[in-house]
Amino acid sequence: MKVVYQAGEWVIKLVYANLLWMFFTLLGLGIFGVMPATVGLFTLLRQWIMGNEREPAYKIYWNSFRQEFLRSNLVGLIFLVVGYILRMDIIFFKTSSHFIFQILLAVLFCVGLLYLITLLNFFPVYVHYKISFFAYFKYALLIGISQLSSTLMMIIGSVVIFCLYWYFSGLIPLLCFSLFSLNLMWFGYQAFKKIEYEQQQTQLSRQ
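Residues numbered from 1 in each chain as written. Predicted model: local features only at pLDDT ≥ 70, side-chain atom pairs only at ≥ 80, totals over all residues. Heavy atoms only, no water.

Colleague: Explanation requested: the overall build of the protein in the structure shown.
Modeller: When helices and strands are counted, the protein shows nine helices and zero strands. If one aligns the C-alpha atoms of the protein with their principal axes, the spans along those axes are about 60 × 55 × 35 Å. The buried share among the 207 residues of the protein stands at 41%. Counted over contacts in the protein with a minimum sequence separation of 6, partners at least 24 positions apart contribute 70%. Carbon and sulfur atoms make up 72% of the accessible area of the protein, which totals about 12600 Å². Charge separation in the protein, taken as the distance between the mean sites of 14 positive and 7 negative side-chain charges, equals 2 Å. (Helix = DSSP H or I, 4+ residues; strand = E, 2+ residues; numbered from the N terminus. Buried < 20%, exposed > 50% of the residue type's maximum accessible area, 1.4 Å probe, protein only. Contact = heavy atoms within 4.5 Å. Areas by Shrake-Rupley, 256 points an atom, 1.4 Å probe, with all protein chains shown as cover. Lys, Arg positive; Asp, Glu negative; His and termini not counted. Charge placed at Lys NZ, Arg CZ, Asp CG, Glu CD.)

Okay, structure coming up:
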């Protein structure tokens, strides 16, 4: 019964978090609200995963939305531009059967994989660490590669959630983004704890 109660509690919280995400996205006029609302969502989910539930969810969202509005939109622009360039280059090289172009296409697929790893790990890194702006991209890539098991679980979890939405489309309005984000934040946080534990063990061994 305790497990059922906790599961039900999480479902209610995720529905509420999803409603807040949609509200703040609209508050930012849609295109300018997606990124700050997403940062707010990950900030809230991180607090819940860590067991910090004293501060109201709306307050966490609003503070994050207000503080990260400009910087998060810059992040979104960077990912959008890089993703667009990669897509156009891949389409271009696919049209040619020349050996050099095929090699470049393989290289681009590898770069695309690194892009995906960075994207999956970026928001958990962004809300967990306090580092310089461009260091977030480096940390997201390095943690995604070094903690490959967590990254794979993010991908598997995302596929499972997509299949769940495919067969139960009624869940989409309620959990369309919050469940995806919980999947990424959960495994991202496990990776951070593992890294911190390994760092502590290294320090102890040196002493």
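And the narrative resumes.
Colleague: Before we go on, may I ask you to explain the packing of aromatic side chains in this structure?
Modeller: Following the criterion strictly, the structure yields 26 aromatic pairs and no others. With centroids separated by 4.6 Å and ring planes inclined at 10°, the aromatic side chains of Trp21 and Phe177 adopt a geometry described as stacked. Residue Trp21 is found in helix H1 (residues 2–27), and its partner Phe177 is found in the loop between helix H8 (172–175) and helix H9 (178–206); the two are separated by 156 residues along the sequence. Where Tyr126 meets Tyr136, the ring centres are 4.7 Å apart and the plane angle is 50°; that geometry is what we call tilted. Here the residue Tyr126 occupies a position in helix H5 (residues 99–128), and Tyr136 occupies one in helix H6 (residues 133–146), the gap between them amounting to ten residues. For the pair Tyr126 and Tyr136, one class covers both residues: buried. By way of ring pairs, the aromatic residues Phe42, Phe79, Tyr115, Phe122, Phe123, Tyr126, Phe133, Phe134, Tyr136 and Phe137 are connected into one cluster. When the ring centre of Trp10 is taken as origin, the NZ or CZ atom of Lys13, which lies over that ring, is 4.1 Å away. Across from the ring centre of Trp48, 5.0 Å away, lies the NZ or CZ of Lys13, which sits over that ring. (Phe/Tyr/Trp six-rings, centres within 6.5 Å; stacked < 30°, edge-to-face > 60°. Lys NZ or Arg CZ within 6 Å of the ring centre and 35° of its normal.)

Colleague: How should the packing of helix H2 (residues 34–49) against H9 be read in this particular structure?
Modeller: Geometry of a packed helix pair, given as the angle between the helix axes and the separation of the axes. One way to put it is that H2 packs onto H9 with a least axis distance of 9 Å and a crossing angle of 55°. Relative to H9, the element H2 is oriented oblique. The element H2 and its partner H9 pack so that their crossing is right-handed. Judged by residue contacts, Leu41, Phe42, Leu45, Arg46 and Ile49 of H2 engage Ser178, Ser181, Leu182, Leu184, Met185, Trp186 and Tyr189 from H9. (Axes fitted to C-alpha atoms, helices over the stretch in contact; angles between N-to-C directions. Parallel < 35°, antiparallel > 145°, perpendicular 65-115°, else oblique. Left-handed = near helix turned anticlockwise from the far one by under 90°.)

Colleague: Just checking my understanding: could you explain the packing of H5 against helix H7 (residues 148–167) for this structure?
Modeller: Between H5 and H7, the least distance of the axes is 11 Å, while the angle of their chain directions is 90°. Put simply, H5 runs roughly perpendicular to H7. Seen from H5, the contacting residues are Ile117, Leu120 and Asn121; seen from H7, they are Thr151, Met154 and Ile155. By residue class, the composition of the contact of H5 with H7 is four nonpolar, two polar and no charged. (Nonpolar A, V, L, I, M, F, W, Y, C, P; charged D, E, K, R; others polar.)

Colleague: Explain H1 here, please?
Modeller: An α-helical segment advances 3.6 residues per turn. Residues three or four places apart therefore align on the same side. The first and last C-alpha atoms of H1 sit 37 Å apart over 26 residues, in line with the 38 Å expected at 1.5 Å per residue. Buried residues of H1: Lys13, Leu14, Ala17, Asn18, Leu20, Trp21, Phe24 and Thr25, and no others. Buried residues in H1 make contact with H2, helix H3 (57–67), H8 and H9. Where H1 terminates, the next one or two residues include Leu29, which has phi positive at roughly 60°. (Expected span 1.5 Å × (residues − 1).)

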